[in-house]
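Summary of structural features
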Amino acid sequence: MQHDTRMNLRAGRRAAGRARVLDEGWQLCATAPGAIADPLADAAAVAALAWTPIAGPLPAAAALRASGAWSLDGAARRFDAEDWWYRLRFDAPDHAAGTAALLGFDGLATLAEVWLNGRPILRSDNMFLAHAVEAGALLRASGNELLLCCRSLDQALAARRPRPRWRAPMVENQQLRWLRTTLLGRTPGWSPPAAVAGPWRDVWLDEQPGAAPDDWRLHATVEQGAGVLALSAAWALPADAGLSLVVERSGRNWVAPVHVQADGRLAARLVVPDADLWWPHTHGEPALYAARLEGGPWPDGRLDLGAVGFRRIEADLAGGRFALRVNGVPVFCRGACWTPPDPVALRASPDAYAQAVAQVRAAGFNMLRLGGTMVYEDDAFLDACDAQGVLVWQEFMFASLDYPADDAFAAGVKLEAAQQLQRLQGRPSLAVLCGNSEVEQQAAMWGASRELWQPALFHRDLAEAAANWRPDVPYWPSSAHGGAFPHQGDAGTTSYYGVGAYQRPLEDARRAAVSFATECLAFANLPEPSAMARMPGGLGLRVHHPGWKARTPRDLGAGWDFEDVRDHYVQRLFGVDPARLRYADHDRYLLLGRLASGEAMSAAFGEWRRAQSTCGGAMVWFLRDLWAGAGWGVLDERGDPKAAFHALRRALQPQAVWLTDEGGNGYCLHAINEGPQAAEGELEIVAYGPGDAVVAQASRALQLDARGSLTLPLLACFDSFVDFSDAYRFGPAVARAVAVTWKRGDAVVSRAFAFPGGLDVHTRTDLGIQAAARMQEDGRAVLGLQSQRLALAVHVEADGWVAEDAYFHLPPGAAHEIVLRPLDAAKPKPLRGHVLALNAAAPASIKMQP
């Protein structure tokens, strides 16, 4: 049987309404590696297997989890140690004997063999390839049997192969470099033991296949203010098909004819004068146009091509640095490294993707990095990023290892790249194509010679593929690249862990002159009690327990983990011994640990966002935990915020104000407006002394141009000198806290604090906090807060509810409202709980209002 590996085949047929997903009637079983080499020769053994019904074509771990036969919290199972067999019996009532039909497999992990009605139809050794197999000669109208086997990777990895020229300590088996599969689930220092084996994308059938496009290209660009959409495809359609390319926005249509060129290719060029441009949401509207073909052999004569956006993205490499410009405007890129919402099944619903992207958008993130340790994400993820104005740093799925340089491996990668790049046609959110995650850095740090740092696979082959398929998108060879060595912080891009794993002081975020951090600020971020309750052992689990430590990220072979990193900053920021505190008051230890990572992250971003900074962007290492625990994520495994996420949400808004300590120059005030319209308001500065007495205050009008910023010494707002930052120390400190608030009318746009002596973690007193909640029609609640005294790190504990803002500081007398949402919207618990603060002697009860 011949098979076709063109990614766009399924997309075109699904859009035309012909293909159907085969998602019911599947069965699964496991055997020892090689126990059944050929199901045709050993049909009796296949028949005797203990087949278990499963919920669809899912990876083995996800299928067993769905049936209750396995969980991450139960006994460990090594999924790479077994052969995994899948069986599906199905009918094809619309298939006529002797006609064509296609069976599609959008992703098989990893060494897969497929049989249809007793005949072999497919072998695949790359989980990232999609396949469409011509199966019409074998297909029956009823009684079809599909067998699929994903062979043991452990057995395959046992084969003798050349040793790598460097090692990647995060990976147990260095020979994974030979296999095109994800490292997720195969890095025991940080990912759950649920290696993907089996179908991880749809299996589908098209019983009436027609002509499908090949070499599909859809390029949206900007030329002198006009949007230009160019279509090119090899498609066997009649010359007189009379096709038109159409784009639509806000009820207006633009149309261009599709021509059949001399070589048989279809081509069209459509121009939208004065087009609405696509922007990252922080800088404007992510304007989209619906694109389609009309006049062809499809239902209603239309074929949906999806949404396109007109924008121009350029890499600014001046001075050896790295930054992005969108539509000619410099964009400070900030966000996190994406992790799959479900690292076991590796798929989620379109609504789940949309909600996840909406969450990061609301937090002020404007970029997500899809790193080479993960998987290529679903189209629904890309749809959400396009629609919500979130840039995507897309890496090819290579990370750290010494990948083979032979022709066969390169040919497979070339096909993988072509498929993925066809999927990405017309996507406005795609901002960077990157060859790999940290391959250059790992080679250099392991001591490999300089000529090995830049393999041709990434510096030539994938660069050529990117230029061919997406010439409008910058290509970058590795996530850490540039400078005298790949991970040099002030050149190109880097993995920055000066603040973090390397335990440098917070000032290093400026001293390192970071150019662009593709990953940074990794801490074992402590989750909220709701996530701790989902860990084995529940809320009674303590951080030193082996069950807790099993989920604490670490580098394999290292004598420390990322809780040691967090504890270092607890001691540095708060002046307490974290080990002694853990002995005496475990809950207080958890609270300070939550605050420490958030304080470190917001301080670093404050340095990088300054107008004087040359930093082009930074991605926090891990958006979301892979399982419940103190992982790298700033969200827990269900997507609920941790303290660090709240800190980032306040620090990364497109309109924001913050303070930096400039030593003898005192505090410096920074304000920014990244949007396309001018912004105004009033700045209020209040300094609080002992007993929260106001020792100084001032106000001034604030006017910022579109995409403008303001930097000025804080003392420029006062008529006399006040040592707010305690830089000179002539006597007791004047202020214990300085608050700067940007107000527009009665609304608070942004608020920031500085604490000359650091956060006071020792004093606890009656703050006079009042908390009153009222329910809303949408099932959420609005909690109104006010405090008589300065309240530090205010947060809510309410069983079954999560706050959309937490660990914020509340000035004396200031009113603040936050939204609470139920964890289970279908069956919400009654809202009962307390408001706590770092310096409160006791929690304040939430009172319900009618």
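Described below are features of the structure shown in this document. (Residues numbered from 1 in each chain as written. Predicted model: local features only at pLDDT ≥ 70, side-chain atom pairs only at ≥ 80, totals over all residues. Heavy atoms only, no water.)

**A look at the nonpolar core**
Put simply, the test is: Take the buried residues of types Ala, Val, Leu, Ile, Met, Phe, Trp, Tyr and Cys, join any two whose side-chain atoms come within 4.5 Å, and each joined set is a nonpolar core. Burial classes: relative accessible area under 20% of the type maximum marks a residue as buried, over 50% as exposed, and values in between as partly exposed (1.4 Å probe, protein chains only). Strands here mean DSSP runs of E at least two residues long; helices mean DSSP runs of H or I at least four residues long; both are numbered from the N terminus.
Phe381, Leu521 and Trp608 are the most contacted members of the largest nonpolar core, which has 156 residues in total. Residue contributions to this core peak at eleven residues, all from helix α15 (residues 586–608). Core analysis: the next-biggest nonpolar cluster, separate from the first, contains 39 residues, Leu22, Ala92, Ala101 and Ala194 among them.

**Remarks on the packing of helix α7 (residues 407–423) against helix α9 (residues 456–469)**
Selection rule: Axes here refer to lines fitted to C-alpha atoms; in helices the fit is confined to the stretch in contact. Angles between the N-to-C directions go from 0 to 180 degrees. In what follows, roughly perpendicular refers to angles from 65 to 115 degrees, roughly parallel to angles under 35, roughly antiparallel to angles over 145, and oblique to any angle outside these ranges. Left-handed describes a crossing whose near helix is turned anticlockwise from the far helix through less than a right angle; right-handed describes the clockwise counterpart. Contacts: residue pairs with any heavy atoms within 4.5 Å of one another.
Direction vectors running N to C along α7 and α9 enclose 30°, while the axes themselves pass 10 Å from each other. With respect to α9, the element α7 is oriented roughly parallel. The element α7 and its partner α9 pack so that their crossing is right-handed. Touching Phe409, Ala410, Val413, Ala417, Ala418, Leu421 and Gln422 of α7 are Leu457, Asp461, Leu462, Ala465, Ala466 and Trp469, all from α9.

**As for a nonpolar patch on the surface**
Under the convention used in this document: A patch consists of residues exposed above 30% relative accessible area that lack any salt bridge, with like charges linked at up to 9 Å and nonpolar side chains (Val, Leu, Ile, Met, Phe, Trp, Tyr) linked at up to 5 Å. Surface accessibility follows the Shrake-Rupley procedure with a 1.4 Å probe radius. Residue values consider only the protein chains on display as shielding. Any Lys or Arg side-chain nitrogen located within 4 Å of an Asp or Glu carboxyl oxygen qualifies as a salt bridge.
On the surface, Phe721, Tyr728 and Phe730 cluster together to form a nonpolar patch covering roughly 430 Å² of accessible area. Turning to its location among the elements, phenylalanine 730 is positioned in the loop between β37 (708–713) and β38 (737–744).

**Thoughts on the sheet that holds strand β39 (residues 747–754)**
Here is the rule we go by: The pairing criterion is simple: DSSP has to find at least two bridges between the two strands.
Read across the sheet, four strands follow the order β36-β35-β38-β39 without closing on themselves; strand pairing throughout is antiparallel. The two strands at the open ends of the sheet, each matched to only one other strand, are β36 (694–704) and β39. Geometrically, the sheet is characterised by an average inter-axis angle of 15° between neighbouring strands, direction not taken into account. Two elements, strand β35 (residues 679–688) and β36, share ten bridges in a ladder whose sense is antiparallel. Across the sheet, glycine 681 pairs through a bridge with leucine 702, a residue of β36.

**Some remarks on the pattern of salt bridges**
Under the criterion given, the structure shown has 58 salt bridges. Notably, a salt bridge pairs arginine 423 with aspartate 379, separated by 2.7 Å at the nearest N-O pair. Of this pair, arginine 423 sits in helix α7 while aspartate 379 sits in helix α6 (residues 379–388), and the two are 44 residues apart along the sequence. On the accessibility criterion, aspartate 379 (30% relative accessible area) is partly exposed. Residues arginine 534 and aspartate 636 are paired through a salt bridge, measuring 3.3 Å at the closest nitrogen-oxygen approach. Residue arginine 534 is found in the loop between α11 (529–532) and α12 (546–549), and its partner aspartate 636 is found in the loop between β32 (617–620) and α16 (643–651); the two are separated by 102 residues along the sequence. The pair formed by arginine 534 and aspartate 636 is uniform in burial state, with each residue classed as buried. Overlapping salt bridges bring together Lys549, Arg554, Asp561, Glu563, Arg566 and Asp567 as one network.

**Let's talk about α6**
To be explicit about the condition: Each polar contact in these results corresponds to two N or O atoms within 3.5 Å; when the atoms are within protein, one needs to be able to donate a hydrogen and the other to accept it, and residues that are neighboring in sequence are counted only if both atoms are side-chain atoms.
Of all ten residues making up α6, seven are buried, and the element is well covered by its neighbours. Buried residues of α6: Ala380, Phe381, Leu382, Ala384, Cys385, Asp386 and Gln388, and no others. In this structure aspartate 378 caps α6, since a side-chain oxygen of it lies 2.9 Å from the backbone nitrogen of alanine 380. Positive phi appears at glycine 389, one or two residues downstream of α6, with a value of about 75°.

**Regarding the packing of aromatic side chains**
Selection criterion: The pairing test for Phe, Tyr and Trp rings, Trp by its six-membered ring, is centres within 6.5 Å, and the orientation test on the planes gives stacked under 30 degrees, edge-to-face over 60, and tilted for anything in between. Only Lys NZ and Arg CZ are tested; either one counts as a charge over a ring when it is within 6 Å of the ring centre and within 35 degrees of the ring normal.
In this structure the tally under the stated criterion is 37 aromatic pairs. Ring plane angle 45° and centroid distance 6.1 Å describe the contact between tryptophan 190 and tryptophan 632, whose orientation is recorded as tilted. Taken as a pair, tryptophan 190 in the loop between α4 (153–157) and β12 (198–199) and tryptophan 632 in the loop between β32 and α16 lie far apart in primary sequence, 442 residues in all. Assigned by exposure class, tryptophan 190 and tryptophan 632 land together as buried. Taken together, the ring pairs in this structure connect Trp190, Trp560, Phe562, Trp621, Phe622 and Trp632 into an aromatic cluster. It is arginine 217 that lies over the ring of tryptophan 469; its NZ or CZ is 4.1 Å from the centre. Between the NZ or CZ atom of arginine 249 and the centre of the ring of tyrosine 289, over which it lies, the distance is 5.8 Å.

**So, the sheet that holds strand β23 (residues 323–326)**
Strand order in this open sheet of three strands is β22-β23-β24, and the pairing throughout is antiparallel. Because the sheet does not close on itself, it has two edges, and the strands there are β22 (313–316) and β24 (329–331). When strand polarity is set aside, the average angle formed by the axes of neighbouring strands in this sheet is 40°. Alignment of β23 against β24, held across three bridges, turns out to be antiparallel. Note that in β24 the partner of valine 326 across the bridge is valine 329.

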